[in-house]
Amino acid sequence: MAGEGKRRTRRGKRKRHSRNNASPSLQKEEQPPISPPLRPSRPPKRSRVEPPAPNSMASSSFLDKIRGRLSGAHFRMINEKLYTCSGSEALDLFKKDPELFDVYHAGYQEQMSHWPEQPVNIIIKWLKNHSSSMVVADFGCGSATLAKNVKNKVFSIDLVANDPSVIACDMSHTPLDSSSVDVAVFCLSLMGTNFSSYLQEANRVLKPCGWLLIAEVRSRFDPNNGGADPDKFCEAVCKLGYTSVLKDLKNKMFLLFYFKKKEKAAPVKYIEWPELKACLYKRR
Ligand code: SAH
């Protein structure tokens, strides 16, 4: 193995040379910024998505995996944006690029498929147990699942209308008449930094004695983890002129609040709203 012996000698020389000529403190600076490696010190880290062999049958599933990763990352980016900007900024974002809405909802559906129970289904059940003559406003309706599953007249509101029945607007300013609905629903939709203005708008359109139903991600209400205190949130809603009828805290993934609007309420001028922690999804 003559060749092997030679190589070892050359490498040994080079090492000794650099050690002798550089003081330890200068060693780093004297190296060229990008020095060609003599040999890779370690094999390159393997990506978790292995590229297929060329022409292999697996190449389409490889591409699917990559596409999945990219759209997952894109979803998380849009999601983070929606939790950290105002409703009007979110509206501008989707107006500029309505396709983002589809990316967001594809990712949202994927996340929800891992939840044992969907809050929208609990709200649908609740509506089915009450009079179907009640007019509903679904604030942040997404793909209008609620409207599609009940007999009630439903005003479905979202930033983008991916169905002709949906009213596209920022829900802090809806075209609905004052005191025109019996039930206002926010199902995982109190996303913007100005979420209290959505609740003020719901209060405007809700009839006296109307219902306000709010489902939100549990982690947003975990005071030990930077989330809001659910009692403080309820207090703030009550100051708007509501009675807290029920707090359903039994679900692992979300909380459900049921409020009833008072027949006559003296509006409180200043309400201190707790901050609702942004709900950021982890990479799967
Ligand atoms: N309620 C639906 C969708 C929840 S996803 C369901 O439970 O399946 C949250 C939705 O709220 C998204 O579709 C988002 O576009 C919408 N949303 C967030 N901020 C909004 C705003 N300011 N105005 C209107 N819709 C908003």
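Reading the values: rules and limits
- Residues numbered from 1 in each chain as written.
- Predicted model: local features only at pLDDT ≥ 70, side-chain atom pairs only at ≥ 80, totals over all residues.
- Heavy atoms only, no water.
- Helix = DSSP H or I, 4+ residues; strand = E, 2+ residues; numbered from the N terminus.
- Buried < 20%, exposed > 50% of the residue type's maximum accessible area, 1.4 Å probe, protein only.
- Contact = heavy atoms within 4.5 Å.
- Near = heavy atom within 4 Å.
- Polar contact = N/O pair within 3.5 Å; in protein donor to acceptor, adjacent residues only side chain to side chain.
- Areas by Shrake-Rupley, 256 points an atom, 1.4 Å probe, with all protein chains shown as cover.
- Nonpolar A, V, L, I, M, F, W, Y, C, P; charged D, E, K, R; others polar.
- Expected span 1.5 Å × (residues − 1).
- Arc of directions from axis to C-beta.
- Core = buried A, V, L, I, M, F, W, Y, C linked by side-chain atoms within 4.5 Å.
- Pairing = 2+ DSSP bridges.
- Axes fitted to C-alpha atoms, helices over the stretch in contact; angles between N-to-C directions.
- Phe/Tyr/Trp six-rings, centres within 6.5 Å; stacked < 30°, edge-to-face > 60°.
- Lys NZ or Arg CZ within 6 Å of the ring centre and 35° of its normal.
- Salt bridge = Lys/Arg side-chain N within 4 Å of Asp/Glu carboxyl O.

S.K.: What is the right way to look at the environment of Phe 195 in this model?
M.R.: Tracing the chain through its elements places Phe 195 in helix α8 (residues 195–205). Classification of Phe 195 as buried rests on a relative accessible area of 6%. Put simply, Phe 195 and Leu 276 are 81 residues apart on the chain and 8.7 Å apart in space, counted from C-alpha to C-alpha. Apart from residues no more than four positions distant in its own chain, Phe 195 is found in contact with Leu 190, Phe 233, Trp 273, Pro 274 and Leu 276.

S.K.: What is the right way to read the site of the ligand from this model?
M.R.: Not every one of the 18 residues close to the ligand is listed here, only the nearest: His 105, Gly 140, Asp 158, Asp 170 and Met 171. Residue Gly 140 places a main-chain N or O atom 2.7 Å away from a nitrogen atom belonging to the ligand. Within the backbone of Leu 159, an N or O atom sits 3.5 Å from a nitrogen atom of the ligand. Considering the ligand on its own, with 570 Å² of exposed area, one finds that the protein chains cover 97% of that surface. Residues that form the shell around the ligand fall into these classes: 11 nonpolar, 5 polar and 2 charged.

S.K.: Is there a simple way to think about the side chain of Asp 182 in this case?
M.R.: Tracing the sequence through the fold places Asp 182 in strand β4 (residues 181–187). A polar atom in the side chain of Asp 182 sits 3.2 Å from the side chain of Lys 207. Ignoring any residue separated from it by four or fewer positions in sequence, one finds Asp 182 in contact with Ser 133, Met 134, Val 135, Leu 206, Lys 207, Gly 210 and Trp 211.

S.K.: Looking at this structure, I do not really get helix α5 (residues 99–112). What am I missing?
M.R.: The periodicity of an α-helix, 3.6 residues per turn, causes residues three or four places apart in sequence to face the same way. Between its first and last C-alpha atoms α5 spans 20 Å; for 14 residues at 1.5 Å apiece the expected length is 20 Å, and the two agree. Along α5, the positions that sit buried rather than exposed are Leu 100, Phe 101, Tyr 104, His 105, Gly 107, Tyr 108, Gln 111 and Met 112. Along the axis of α5, the buried residues cluster in a sector spanning 165 degrees; they form a single face.

S.K.: Sorry, what's going on with the nonpolar core here?
M.R.: Within the largest apolar cluster, 41 residues are counted, with the highest numbers of intra-cluster contacts made by Leu 82, Phe 94, Ile 123, Trp 126, Leu 127, Leu 146 and Val 183. Those elements giving two or more residues to this core turn out to be α3 (59–84), α4 (87–96), α5, α6 (119–128), β4, β5 (206–217) and β7 (254–261). Ranked by residue count, the leading element in this core is α6, at 6 residues. Discounting residues that sit within four places of it in the chain, Leu 127 has contacts with Val 136, Leu 146, Val 150, Asn 152 and Val 183. Of all hydrophobic cores here, the second largest spans 33 residues; its members include Cys 169, Leu 190, Phe 195 and Tyr 242.

S.K.: Looking at this model, I keep getting lost on the sheet that holds β5. Mind explaining?
M.R.: Pairing between the strands of a sheet comes from backbone hydrogen bonds, and it takes one of two forms, parallel or antiparallel. Strand order in this open sheet of 7 strands is β3-β2-β1-β4-β5-β7-β6, and the pairing throughout is mixed. For this open sheet the edge positions go to β3 (166–168) and β6 (242–248), each flanked by a neighbour on one side alone. The average undirected angle you get between the axes of adjacent strands in this sheet is 20 degrees. Sitting on the sheet, α8 touches β1 (136–139), β4, β5, β6 and β7, and the angle it makes with β5 is about 150 degrees.

S.K.: What am I meant to see in the packing of aromatic side chains here?
M.R.: One pair of aromatic rings is described through two measures. These are the centre distance and the angle between the planes. By the definition in use, this model includes 15 aromatic pairs. Taking 6.1 Å as the distance between ring centres and 10 degrees as the angle between the ring planes, the aromatic pair formed by Trp 115 and Phe 254 counts as stacked. In this pair, Trp 115 is assigned in the loop between α5 and α6 and Phe 254 in strand β7, connecting sequence segments 139 residues apart. Accessibility assignment for this pair places Trp 115 and Phe 254 in one class, buried. Each member of the aromatic cluster is reached from another via a ring pair, and the members are Phe 195, Phe 221, Phe 233, Tyr 242, Phe 257, Phe 259 and Trp 273. If you follow Lys 153 out to its NZ or CZ, it ends over the ring of Phe 155, 4.4 Å from the centre.

S.K.: Please explain the pairing of strand β2 (residues 154–158) as it appears in this structure.
M.R.: Within a regular beta strand, the side chains point alternately toward one face of the sheet and then the other, so they alternate between its two faces. Burial analysis of β2 places 4 of its 5 residues in the buried class, which makes it a mostly covered element. Inspection of the sheet shows β1 paired to β2 by 4 bridges, in the parallel sense. Following the sheet pairing, Asp 138 is matched in β2 by Ser 156. Two strands pair when backbone bridges link them, and β2 and β3 are joined in this way by 3 bridges, in the parallel orientation. The residue of β3 that forms the bridge with Ser 156 is Val 166.

S.K.: Please clarify how the pattern of salt bridges should be interpreted in this entry.
M.R.: Side chains that carry opposite charge are capable of pairing whenever their charged atoms lie near each other. Counted according to the given criterion, the structure contains 5 salt bridges. As a salt-bridge pair, Lys 207 and Asp 182 come within 3.2 Å of each other at their nearest N and O atoms. Here the residue Lys 207 occupies a position in strand β5, and Asp 182 occupies one in strand β4, the gap between them amounting to 25 residues. Exposure remark for Lys 207: the relative accessible area of 29% places this residue in the partly exposed category. Residues Arg 220 and Glu 216 are paired through a salt bridge, measuring 3.2 Å at the closest nitrogen-oxygen approach. For Glu 216, a relative accessible area of 0% translates into the label buried.

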